[in-house]
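Architecture and fold: a report
The lines below spell out each chain.
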Protein chains: 2
Amino acid sequence: MLNIVKIGGNVIDDEPLLAQFLGDFSAVRGHKILVHGGGKLATKLCDALHIPTQMLDGRRVTDAETLKVVSMVYAGWINKSIVAQLYAQGCHAIGLSGADGNAIPAVRRNPVPVDYGFVGDIKPGQINASFIQSLLEQGLVPVFSAITHDAHGSLLNSNADSVASSLAIAMSYLTPTRLIYCFEKNGVLRDPSDENSAIPEITRELYEEYKADGAISGGMIPKVDSAFNAIAFGVKEVIIGHAKSLNKGGGTMIRK
Amino acid sequence: MLNIVKIGGNVIDDEPLLAQFLGDFSAVRGHKILVHGGGKLATKLCDALHIPTQMLDGRRVTDAETLKVVSMVYAGWINKSIVAQLYAQGCHAIGLSGADGNAIPAVRRNPVPVDYGFVGDIKPGQINASFIQSLLEQGLVPVFSAITHDAHGSLLNSNADSVASSLAIAMSYLTPTRLIYCFEKNGVLRDPSDENSAIPEITRELYEEYKADGAISGGMIPKVDSAFNAIAFGVKEVIIGHAKSLNKGGGTMIRK
């Protein structure tokens, strides 16, 4: 089973948690891919450079200067630091953006009705899965930032959750694939105020019920939607869980 | 013949020249590797972030904050922009740092007598040439920034000329290799004030003569030294020439 693990910005920003996570990730057996988000460094750098940060529906509006910053931070410092740390743990990582080997081409989002700038949407069918598979077969562990490209010379800023789920869908045509979202909660919670209320497994029916009664709301909805979408397109299972418990069971499972 | 082409910061900083160069590089036939320097963006970013820039003998002293900046700029924005632009020209590039696939491990320079900080020296014998060869055989074109790692979790800042010559030496054990330094002059000049005085070919004897009479001096000496060193360790030929004339002949040739 290929494991595709996504870590969010909260893990990136927490140095001890990131170090522990990278140790756990190194210990995952078999073929694996890491996708990482960005954390607060890009916003800090934008602030220091007096580039205004504009968020719309949780997505960063990416003008030319912001694209430079996110490319530097995500594909440069964060990606290469993670690769260096993984190598030190015996994990032969290779850090990639979606431009490298044309791994993840994307399409700049339609500027109408809202112009997000250099933001790229990914079609799983266009992912260069055979290239990624060949890296895995060489014993390498691809580590992806969410910087993609339009295949016409421009980099694009994509959403790391979308990179992970698109990769999982694309790779599942070649090999059985599990998608694991690691974040700062113990899973999809029955009671958002109780970390011990992680739901072990969610079916479509339960999901609709919990959405209706308000237990699942806000930012959790797109995550769970993307999990069901991945399953619908061939991914074997999706786990949503805490970055601390990658190899320890727990979290919320979604499967066919 | 494998062509390893190095471009310096002057090319990176000159957008039209860089675009022309990347077009010419895309047209180079057969296996090829690009190594790029950094340009002025790292210094500008350090200035904007109030990180003092300290140069010693032409080498940037790299403290922890500076390492972050050069990793962002070289391995992030510049590397990925070049990759995206090459792909648009039909060149299937893959952007790498020395940490990726442990391609170029380095050793942090001895802090005595001068502490350069996170500066890494490369041993050609430790370069992961078989990994790089496997990428070439997949039809990929590796594009290297001069960010390396110590294989113990830390990134290091290396010299791009050294990355290029070390790569050329390492690859020449596997395949006949040509090293091409592209910069802003027409080659090694007999008369530094006359761009039309490029020496077509330099032998050891001529080199000693021109050094003695002062025609070859300053920053040209380490470049030519590194060329002779590459030849001594198996590289077939080294060309030092203008970034504008990559496929047009010209420049200065050094061979066995």
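You'll find the structure just up there.
Okay, so let's go over this structure. Please read all numbers here as calculations on a predicted model, not as lab measurements. Residue positions are given per chain, counting from 1 as you read along its sequence in written order. Each chain is given a letter, starting from A, and each ligand a number, starting from 1, according to the order in which they appear as written. Local features in a predicted model are, by the rule used here, given only for residues with pLDDT of at least 70; side-chain atom pairs are given and counted only at 80 or more, and totals for whole chains, interfaces and linings are based on all residues.

1. A short note on the overall build of chain A
- Starting at the N terminus, helices and strands are each numbered in turn, a helix being any DSSP run of H or I of at least four residues and a strand any DSSP run of E of at least two. Tallying secondary structure elements over chain A gives eight helices and 13 strands in all.
- Radius of gyration: over C-alpha atoms. The globule rule applied is 2.2 Å multiplied by the number of residues raised to the 0.38 power. Over its C-alpha atoms chain A spans a radius of gyration of 17 Å, differing by no more than 12% from the 18 Å that the globule rule assigns to 256 residues.
- For chain A, the spread of C-alpha atoms along the principal axes amounts to about 45 × 45 × 35 Å.
- As a rule, residues whose C-beta atom has 12 or fewer other C-beta atoms within 10 Å are exposed, those with 20 or more are buried, and those in between are partly exposed; C-beta atoms are placed from the backbone. Going through the 256 residues of chain A one by one, you find that 52% of them count as buried.
- In chain A, the proportion of contacts linking residues at least 24 apart, taken out of those at least 6 apart, comes to 72%. Each residue is represented by a C-beta atom placed from its backbone, and any two residues with such atoms within 7 Å are regarded as in contact.

2. Some remarks on the interface of chain B and chain A
- Every contact between the two is made by 34 residues of chain B and, on the other side, 34 residues of chain A.
- Looking at the side of chain B that touches chain A, the elements that each hand over two or more residues are helix 4 (64–88), strand 5 (93–96) and strand 9 (147–149) of chain B.
- For the side of chain B that touches chain A, the element with the most residues is helix 4 of chain B, which contributes 14 residues.
- As a working rule, the residues Ala, Val, Leu, Ile, Met, Phe, Trp, Tyr, Cys and Pro are called nonpolar, Asp, Glu, Lys and Arg charged, and the rest polar, with Gly in that last group. Of the residues contributing to the side of chain B that touches chain A, the split by class is 16 nonpolar, 15 polar and three charged.

3. What to know about the packing of helix 3 (residues 41–48) of chain A against helix 4 (residues 64–88) of chain A
Residue and element names in this part refer to chain A.
- Interaxial distance between helix 3 and helix 4 falls to 9 Å at its minimum, and their mutual angle equals 135 degrees. The orientation of helix 3 with respect to helix 4, classified from their angle, is oblique. When the axes of helix 3 and helix 4 are compared, the crossing they make is right-handed. On helix 4, the residues touching Leu41, Ala42, Leu45 and Cys46 of helix 3 are Thr66, Val69, Val70, Val73 and Tyr74.
- Each residue belonging to the contact of helix 3 with helix 4 can be placed in one class, and the counts come to eight nonpolar, one polar and no charged. Structural elements are reduced to axes, namely lines fitted to C-alpha atoms, with helices fitted over the stretch in contact, and the angle between N-to-C directions of any two is expressed from 0 to 180 degrees. Angular relationships are summarised with four words: roughly parallel below 35 degrees, roughly antiparallel beyond 145, roughly perpendicular across 65 to 115, and oblique for the angles in between. Helix crossings are classified by the rotation of the near helix relative to the far one: an anticlockwise turn of less than a right angle makes the crossing left-handed, while a clockwise turn makes it right-handed.

4. A closer look at the relation of the copies chain B and chain A
- Copy-to-copy superposition: least squares on the C-alpha atoms, limited to residues that have pLDDT of at least 70 in both copies. Superposition of chain B onto chain A requires a rotation of 180 degrees combined with a translation of 0.0 Å along the rotation axis, giving an RMSD of 0.0 Å. Classification of the inter-copy transformation places it as that of a two-fold axis. Using C-alpha coordinates, one finds that chain B approaches the rotation axis most closely at Gly76 of chain B, a distance of 1.8 Å.
- Of all interface residues in chain B, 100% are interface residues in chain A too; the two copies therefore contact each other through one and the same surface.

5. Some remarks on the packing of helix 6 (residues 160–171) of chain B against helix 8 (residues 220–232) of chain B
All names here are of chain B.
- Where helix 6 contacts helix 8, the two axes come as close as 10 Å, and the packing angle between them is 10 degrees. Relative to helix 8, the element helix 6 lies roughly parallel. With respect to the hand of their crossing, helix 6 and helix 8 are arranged in right-handed fashion. Touching Asp161, Ser165, Ala168 and Ile169 of helix 6 are Lys223, Ser226, Asn229 and Ala230, all from helix 8.
- Of the residues contributing to the contact of helix 6 with helix 8, the split by class is three nonpolar, three polar and two charged.

6. Describing the pairing of strand 12 (residues 237–242) of chain B
Residues and elements named next belong to chain B.
- Counting buried residues along strand 12, five of its six residues qualify, which places the element largely inside the surrounding structure.
- Strand pairing follows a simple DSSP-based rule, namely that at least 2 bridges must link the two strands. Pairing analysis gives six bridges linking strand 11 (residues 177–183) to strand 12, with the strands arranged parallel. Bridge pairing in strand 12 links Ile180 to Ile239.
- Relative to strand 13 (residues 252–255), strand 12 runs antiparallel, the two sharing four bridges.

7. Here we look at helix 3 of chain A
Residue and element names in this part refer to chain A.
- Every buried residue of helix 3 is listed here: Leu41, Ala42 and Leu45. Looking down the long axis of helix 3, one finds its buried residues gathered within 100 degrees of arc, a one-sided arrangement.
- Contacts made by the buried residues of helix 3 are with helix 4.
- Just beyond helix 3, the residue with positive phi is His50, at close to 60 degrees. Starting at the helix axis, one direction is taken to each C-beta atom, and the arc is that of these directions.

8. Looking at the sheet that holds strand 5 of chain B
All names here are of chain B.
- Spatially, 5-8-2-1-11-12-13 is the arrangement adopted by the seven strands of the open sheet, whose pairing is mixed. At either end of the open sheet lies a strand with only one pairing partner, and these are strand 5 and strand 13. Going across the sheet, the axis of each strand differs from the next one's by a mean of 20 degrees, ignoring polarity.
- This element, helix 4, spans strand 2 (32–36), strand 5 and strand 8 (141–144) of the sheet and lies at about 175 degrees to strand 5.
- Sitting on the sheet, helix 8 touches strand 11, strand 12 and strand 13, and the angle it makes with strand 12 is about 155 degrees.

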